[in-house]
Amino acid sequence: MNNSEIAKIFSQTADLLEIKGENSFKVRAYRNAARIIENSSKDFEKLVREGVDLTRLPGIGKDLSEYIKEIVLTHRFSKLEELKKEIPSGLLEMLSIEGLGPKRIKQIYDAFGITSLDELKKYAQSGELAKLKGFGPKLIEKILKGIKQLKKAGIRFLWAEVEGIANELKEYLQKFDGVEIVEIAGSFRRKKESVGDLDVLVIAKDYKKVSEYFIKFKRVKEVHSAGLTRSTVFLENSLQVDLRAVSRESYGAALHYFTGSKAHNIKIRRLAIEKGLRVNEYGVYEGERKIAGKSEDEVYKAVGLCYIEPELRENRGEIEACLAGELPKLVELFDLRGDLHMHTIYSDGACSIEEMVKRAIELGYEYIAITDHSKRLSVANGLDEKRLLEQFDEIERLKKKYPQIKILKGAEVDILEDGSLDFSDEVLKRLDIVVGAIHYKFNLDKKTQTKRILRALPKINILAHPLNRLINKREGIEAEWDEIFKMAKELNVAMEINSQPDRLDLNDILSKRAKEIGCKVAINSDAHNIKMFEFIRYGVNQARRGWIEKEDVINTFEFDRLSNFLKKI
Ligand code: DGT
Ligand code: CA
Ligand code: CA
């Protein structure tokens, strides 16, 4: 369990207490706990397992220390479980709607006693909701949008949210005697930003025994079915897992089939039919004779193709590209030489510049850019120009102390409503790198939004999280992306692929489009503490789904080449 997962449990507890109307003192205590753990550079799971006395850490008292232990050791928090039993589940769902926090949900519940999304929708549409204090037309619109979004998404998990549990399950199964191979197929293997369920394949001597062992996995909450070749369970976080037994002879065909995507499979099957072949999850057949099935390689070869990376299997042109010998050689994590977007205690980060620098050196980076928020984000203590100059002094000092890494003076500068930037031109000129970002006015119409961004492009080097979407939560802005990518290409502005698990922005489809137009990208962590540097692998996953190659990514460049790219006339 990582810190974010532990922190999430505490902030959920705080939310539920607040909905329930508990005193604000208690609520705040849980929120503080979440913040401390999220921002800590220590690994709490490790500390607990090593038996370290947590109360010695700042901000952690006796109660909290016990709670953390309970969560790490049992993956449950009894206080939260109890709250979940008390509070209608519809109210919990409402928490996923942007604009609805616990306070407003309580307000709605107290006024109307609504407990489901359907009821909420009715009250929003009938005008009842607008009678509540603070519920203006903008908020109502946001709520209606959120309900729609939530219904569309169903229950899907962020890829990063299931990564830990998926790997844990895989290890657990691999340990069992007689299990030869375990692989998690489906959207998880394709590294899709969100995952509906896990599709696990096993080759084993005795499937019945494996299945019995599988349903005893400690994170299983409910066994749905345990059959001859297929079992289905739900885990404690409600994630569905299907386990399927496959034979060694058809392993490749099964892996291919269950990796999907469905659209990719259908296209392959059609291609096979043209060649007089038949493909299913057991193999490739010519008449009754099986001609392939053991490995994925074999399956692809039998239908006249080369191996296609799982991230590309979406029927977005990968099969045609393969036939033309034009498949991309996808970027890898180790291609990255640096990270160009991160925050420190100068704005809303939790670590000092020096801590960030030291960690970056450990990670083997050749360069990083310190990019704290500009002043407009007053809530997050954005930098004013005076603070920025103080930060310059500190960076100069650290450059001397750590000559093994290049430290770029940067900022994440707000793009204001009219497309102007939040810092004066004089200040912008003194920065080595300007990361421009939109943080408000997401709802402008397409034309106005496009104009806003086009106006900002000449002054920035990277456009951060261009879409401003939050996965399953917020749709993101509308703009003429082709126009933006073309202009960005001309001006040497890179589009960011932001690695925060709920952003992954640009998304896969637009990354691919940017590349086609010839616009570069930057894969950045947007780290707010030293642990978040590691998010960058999620960004790499998304980039790979967007057909991005090493050459397309500016932070794979050698430093001199990067400096050249960053120069503005
Ligand atoms: P998810 O779970 O919604 O994130 O997405 P997937 O892609 O994991 O989809 P899932 O779990 O429904 O099925 C796993 C794979 O099985 C899918 O990627 C392709 C294959 N598959 C499922 N249903 C069909 C089908 O009707 N036809 C074909 N050709 N393949 C299918
Ligand atoms: Ca799946
Ligand atoms: Ca499935």
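Keep in mind it's a predicted model, so treat the numbers as computed, not measured.

A few words now on the domain arrangement of the protein chain. Segmenting the protein chain into domains produces domain 1 (3-153), domain 2 (157-246), domain 3 (250-323) and domain 4 (333-566). A separation of 37 Å is found between the C-alpha centroids of domain 2 and domain 4. Between domain 2 and domain 4, the residue contacts involve nine residues of the former and twelve residues of the latter. Carbon and sulfur atoms make up 51% of the surface buried where domain 2 meets domain 4, a total of about 890 Å² over both sides. Counting the surface domain 2 buries against domain 4, the share from its top three residues, Leu158, Lys191 and Glu193, is 55%. Inspection of the region where domain 2 meets domain 4 yields two salt bridges. Close ionic contact of Glu193 with Arg469 constitutes a salt bridge, the shortest N to O distance being 2.8 Å. At three residues, the largest contribution of residues to the side of domain 2 that touches domain 4 is made by helix α10 (residues 159-174). For the side of domain 2 that touches domain 4, the class distribution of residues is three nonpolar, one polar and five charged.

In this section: the coordination of the calcium ion (ligand 3). Those protein atoms acting as donors to the calcium ion (ligand 3) are Asp197 (OD), Asp197 (OD), Asp199 (OD) and Asp242 (OD), and they sit at 2.2 to 3.0 Å. Linear spacing of the donor residues for the calcium ion (ligand 3) on their chain is D-x1-D-x42-D. Accessibility expressed as a relative area gives 3% for Asp242, which makes it buried.

With that out of the way, let us pick up empty space enclosed by the protein. One water molecule sets the probe size; rolling that probe over the atoms shows where empty space is left. Per the counting criterion, the structure on display carries two cavities of 30 Å³ or more. In this model, the largest cavity occupies a volume close to 60 Å³. Around the largest cavity, the lining residues are His256, Tyr257, Asn265, Ile268, Arg269, Val279 and Asn280. Where the lining of the largest cavity is concerned, the elements lending two or more residues are α13 (251-259), α14 (262-274) and β8 (278-280). Examining the composition of the lining of the largest cavity, we find that three residues originate from one element, α14, more than from any other. For the lining of the largest cavity, the residue count by class is three nonpolar, three polar and one charged. For the second largest cavity, the calculated volume is near 40 Å³. Contributions of two or more residues to the lining of the second largest cavity are made by α10 and α23 (536-545). In the lining of the second largest cavity, the residues fall into six nonpolar, one polar and two charged. Mapping the lining of the second largest cavity onto the domain boundaries places at least three of its residues in each of domain 2 (157-246) and domain 4 (333-566).

Looking now at the layout of surface pockets. The space that makes up the second largest pocket amounts to roughly 680 Å³. As for the second largest pocket, its lining consists of 23 residues, of which Glu98, Lys142, Lys145, Phe442 and Asn443 are closest to the centre. When residues of the lining of the second largest pocket are assigned to their parent elements, the largest contribution, nine residues, is made by helix α9 (residues 137-153). A per-class count over the lining of the second largest pocket returns four nonpolar, six polar and 13 charged. A domain-level breakdown of the lining of the second largest pocket finds at least three residues from each of domain 1 (3-153) and domain 4 (333-566).

Strand pairing in a sheet takes place through backbone hydrogen bonds and is either antiparallel or parallel in direction. On the basis of which strands lie adjacent, the open sheet formed by three strands has the order β8-β9-β10 and antiparallel pairing. Lying at the two open borders of the sheet, with one neighbouring strand each, are β8 and β10 (289-292). Each neighbouring strand pair of the sheet contributes to a mean axis angle of 35°, computed without reference to strand direction. Pairing geometry for β8 and strand β9 (residues 283-286), over three bridges, is antiparallel. If you follow Arg278 over to β9, its bridge partner there is Tyr285.

To continue, consider unusual backbone geometry. Excluding glycine, residues mostly carry a negative phi; peptide bonds, for their part, are mostly trans. Residue Gly260 is joined to Ser261 through a cis peptide bond whose omega torsion reads -5°. Relative to the helices and strands, Ser261 is located in the loop between α13 and α14. Cis geometry is adopted by the peptide bond preceding Leu506, which originates at Asp505 and carries an omega value of 10°. A positive phi angle, close to 55°, is found at Asn468, a residue other than glycine. Positionally, Asn468 belongs in the loop between β15 (462-463) and α21 (481-491). A positive phi angle, close to 65°, is found at Trp547, a residue other than glycine. Looking at where Trp547 falls in the secondary structure, it is placed in the loop between α23 and α24 (559-566). When its relative accessible area of 10% is taken as the criterion, Trp547 is described as buried.

Cut-offs applied
- Residues numbered from 1 in each chain as written.
- Chains lettered and ligands numbered in written order.
- Predicted model: local features only at pLDDT ≥ 70, side-chain atom pairs only at ≥ 80, totals over all residues.
- Heavy atoms only, no water.
- Domains from an automatic or database assignment.
- Contact = heavy atoms within 4.5 Å.
- Buried area = accessible area lost by both parts, 1.4 Å probe.
- Salt bridge = Lys/Arg side-chain N within 4 Å of Asp/Glu carboxyl O.
- Helix = DSSP H or I, 4+ residues; strand = E, 2+ residues; numbered from the N terminus.
- Nonpolar A, V, L, I, M, F, W, Y, C, P; charged D, E, K, R; others polar.
- Donors = N, O, S within 2.8 Å, 3.2 Å for Na, K, Ca; no water.
- Buried < 20%, exposed > 50% of the residue type's maximum accessible area, 1.4 Å probe, protein only.
- 1 Å grid on protein atoms, 1.4 Å probe; cavity = no way out; pocket = protein on both sides within 12 Å on 5 of 7 lines; lining within 4 Å.
- Points joined across faces, edges and corners; volume = space filled by probe spheres on them.
- Pairing = 2+ DSSP bridges.
- Axes fitted to C-alpha atoms, helices over the stretch in contact; angles between N-to-C directions.

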